[in-house]
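This is what each chain is made of:
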Amino acid sequence: VSTQSTGSSGINAEYGEFYAPWCGHCQQLTPEWKKAAKALKGIVKVGAADVDAHKELGGRFGIQGFPTIKIFAGDKKKPIDYQSQRSANAIVAEALKHAQTVAQDRLAGRGGSGGSGSGGSKKGNPADVIELTSSIFDKEVLDSKDMWLVEFYAPWCGHCKKLAPEWASAASTLKGKAKLGAVDATQFPDLAQRYGVRGYPTIKYFPAGAKLDAEEYDGGRSAGDIVQFVENKLEQFAEPPEIRELLNDDVFTEECREKSICIVSILPDILDTGAKGRNEYLETIKAMGDKYKKRKFGWVWSFAGEQDKLEESLELGGAGYPALAAVNVKKNAVLHHRGGFSKDSINEFLQYVIAGRIAPSVLRKEVPKLRKATPWDGQDGQLPVEEDYSDLDDIELEPLKTEL
């Protein structure tokens, strides 16, 4: 048995990697495993076993695929499968979590037994996983506009069998958002070779839209990990929110009453800024909407006096325009932005809002129903036409009466 032990001073929580020298994934794991072993020295013992050379270990601990990582915390006869990411940071974090559990169990007099896994995932429908073959792969995956995660597996692979219910659960959860497929690499070795598959299971990520290349998925193997990965990608490439003009009460309801927070901007009158100035303000708001799109804020705007009852309710505009506030209608609260209308200033304000570092004000007046407004046409404003009094010939003037 080859070990990378951290020494005898480690507490009763050990990590064991079971590998085979020919295994590609094992070779990829080696530098991360060594980093983790160095970081955990004196805290948790870290070792590795060549199952090709010591087949009895593989049989004793039910090793069916490589690499397999076992956590020996507490009861050494019942090690726990490690199911998180295969990076040094993730390995260290999981080791410390189990070490803490052992220590707390000892304090409580429970003998230091280890915990169980992360719990069961929601049962999925295996039919939601799309079986891919060489003849349909390009059409289904590469020519598709959808996001794909594709698992390359072998029917005899133990890790693949463990992944199957998690993969199905994730496929069912993500239905309509992303597609999950599976390729039997023993039946379609051309696909495995094309994507550099060297061990099982291997998961490849294909982004939505044009698919120039596949990306290696190195996240956790639970349904929750897979779903979170996809949702993060979807948010990353999501379209920025629409910045809506407050043309009626329906807009305010959809963006503010039905969302936890909405950002309300009241811009100067078009006669004060012109189209160029107003568009610059709107571009600033759009940039902030894009930056904070993960927050699912509502974003609305109007201009001075157009929705005067709303301005009065939110106490906006008293210090001049433009004015901006974060509003939580459900909690009857408003937070006013006191700085300039620049990206940096608004960004700092929103960070404070998210962190809870600004005390909200209670709305003194109920938010009124908004009146219908005419949408801005994108043009400069026009001064009102004054009546022409230049021709006075037809105007009869009474003579002035002078009193002496």
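As shown above, the structure is provided for reference.
Right, let's walk through the structure included here.

About the cut-offs
- Residues numbered from 1 in each chain as written.
- Predicted model: local features only at pLDDT ≥ 70, side-chain atom pairs only at ≥ 80, totals over all residues.
- Heavy atoms only, no water.
- Disulfide = S-S within 2.5 Å.
- Buried < 20%, exposed > 50% of the residue type's maximum accessible area, 1.4 Å probe, protein only.
- Axes fitted to C-alpha atoms, helices over the stretch in contact; angles between N-to-C directions.
- Helix = DSSP H or I, 4+ residues; strand = E, 2+ residues; numbered from the N terminus.
- Parallel < 35°, antiparallel > 145°, perpendicular 65-115°, else oblique.
- Left-handed = near helix turned anticlockwise from the far one by under 90°.
- Contact = heavy atoms within 4.5 Å.
- Nonpolar A, V, L, I, M, F, W, Y, C, P; charged D, E, K, R; others polar.
- Salt bridge = Lys/Arg side-chain N within 4 Å of Asp/Glu carboxyl O.
- Phe/Tyr/Trp six-rings, centres within 6.5 Å; stacked < 30°, edge-to-face > 60°.
- Lys NZ or Arg CZ within 6 Å of the ring centre and 35° of its normal.
- Pairing = 2+ DSSP bridges.
- Lys, Arg positive; Asp, Glu negative; His and termini not counted.
- Polar contact = N/O pair within 3.5 Å; in protein donor to acceptor, adjacent residues only side chain to side chain.
- Expected span 1.5 Å × (residues − 1).
- Bend = angle between axes of the 7 residues up to and from the residue.

The next subject is the state of the cysteines. This structure, assessed with the given rule, holds one disulfide. Across the disulfide from Cys256 sits Cys262; the S-S distance is 2.2 Å. Residues Cys256 and Cys262 share a disulfide whose torsion about the S-S bond is about 100°; that sign makes it right-handed. Residue classification places Cys262 among the buried residues on the basis of a relative accessible area of 0%.

Let us now look at the packing of helix H9 (residues 270-291) against helix H11 (residues 343-355). Packed helix pairs are specified by the crossing angle of their axes together with the interaxial distance, meaning the distance between the axes. For the pair H9 and H11, the least separation of the axes is 10 Å and the interaxial angle reads 40°. Relative to H11, the element H9 lies oblique. Our pair here, H9 against H11, has a crossing hand that is right-handed. Contacts between H9 and H11 involve Thr284, Ala287, Met288 and Lys291 on the former and, on the latter, Lys343, Ile346, Asn347 and Leu350. When the residues that make up the contact of H9 with H11 are grouped by side-chain class, the tally is four nonpolar, two polar and two charged.

This brings us to the pattern of salt bridges. Using the criterion set out here, one finds 20 salt bridges in the structure. Where Asp138 meets Arg194, a salt bridge forms, and the shortest distance between an N and an O atom there is 3.0 Å. Of the two residues, Asp138 is situated in helix H4 (residues 137-142) and Arg194 in helix H6 (residues 189-194); the sequence distance between them amounts to 56 residues. With relative accessibility at 34%, the residue Asp138 sits in the partly exposed group. A salt bridge links Glu283 to Lys286, with the nearest nitrogen and oxygen atoms 3.8 Å apart. With Glu283 and Lys286 both in helix H9, this residue pair falls three residues apart, about one helical turn.

This part covers the packing of aromatic side chains. If you walk through the whole model with that rule in mind, you get 15 aromatic pairs. Taken together, a centroid distance of 5.6 Å and an interplanar angle of 50° make the contact between Phe18 and Phe61 tilted. Of this pair, Phe18 sits in strand S1 (residues 13-19) while Phe61 sits in the loop between helix H2 (55-60) and strand S3 (68-73), placing them 43 residues apart in sequence. Per residue, the accessibility class of Phe18 equals that of Phe61, and both read buried. Relative to Trp376, the ring of Trp301 has its centre 6.5 Å away and its plane inclined at 90°; by these criteria the two rings are edge-to-face. With a gap of 75 residues between them, Trp301 in strand S12 (residues 298-303) and Trp376 in the segment after strand S15 (361-362) connect regions that are remote in the sequence. Taking NZ or CZ as reference, Arg278 lies 5.0 Å from the ring centre of Trp376, over its face.

Attention shifts here to the packing of helix H5 (residues 158-173) against helix H7 (residues 223-236). The interhelical angle for the contact between H5 and H7, taken along N-to-C directions, is 40°, at an axis separation of 8 Å. When the axis of H5 is compared with that of H7, the two are oblique. For the element pair H5 and H7, the recorded crossing hand is right-handed. Across the interface between the two elements, Leu163, Glu166, Trp167, Ser169, Ala170 and Thr173 of H5 pack against Ala223, Ile226 and Val227 of H7. Its residues assigned to classes, the contact of H5 with H7 shows six nonpolar, two polar and one charged.

With mixed pairing, the five strands of this open sheet are ordered in space as S5-S7-S6-S8-S9. Only two strands of the sheet have a single neighbouring strand rather than two, namely strand S5 (130-131) and strand S9 (215-216). The pairing of strand S6 (residues 148-153) with strand S8 (residues 202-206) spans five bridges and is classified as antiparallel. If you follow Leu149 over to S8, its bridge partner there is Tyr205. Across the face of the sheet, H5 comes into contact with S6, strand S7 (179-184) and S8 while running at roughly 160° to S6.

Take the pairing of S12 next. When you tally the buried positions in S12, you get six out of six residues, the bulk of the element. Side-chain alternation along S12 places Gly298, Val300 and Ser302 on one buried face and Trp299, Trp301 and Phe303 on a second face that is also buried. With six bridges connecting them, strand S11 (residues 262-267) and S12 associate as parallel partners. Considered in S12, the bridge of Leu267 is made with Phe303.

Let us now look at the side chain of Glu245. Structurally, Glu245 is set in strand S10 (residues 244-245). One buried charge, Glu245, has no salt-bridge partner; the nearest side chain with opposite charge is Arg278, at 5.5 Å. There is a polar contact of 3.2 Å between the side chain of Glu245 and the backbone nitrogen of Trp376. Discounting chain neighbours no more than four positions away, the residues touching Glu245 are Val251, Trp301, Thr374, Pro375 and Trp376.

Our focus in this paragraph is H9. Three or four residues apart is the spacing at which side chains of an α-helix point the same way, because the helix has 3.6 residues per turn. Counted at 1.5 Å a residue, the expected span for H9 with its 22 residues is 32 Å, but the 27 Å between its end C-alpha atoms falls short. At Lys276, H9 shows its largest bend, some 75°. Within H9, burial applies to Ile270, Gly274, Ala275, Gly277, Arg278, Leu282, Thr284, Ile285, Met288 and Gly289. Looking at the buried side of H9, the elements it contacts are S11, S12 and H11. A side-chain oxygen of the first residue of H9 lies 2.8 Å from the backbone nitrogen of Leu271; this N-cap is Asp269.

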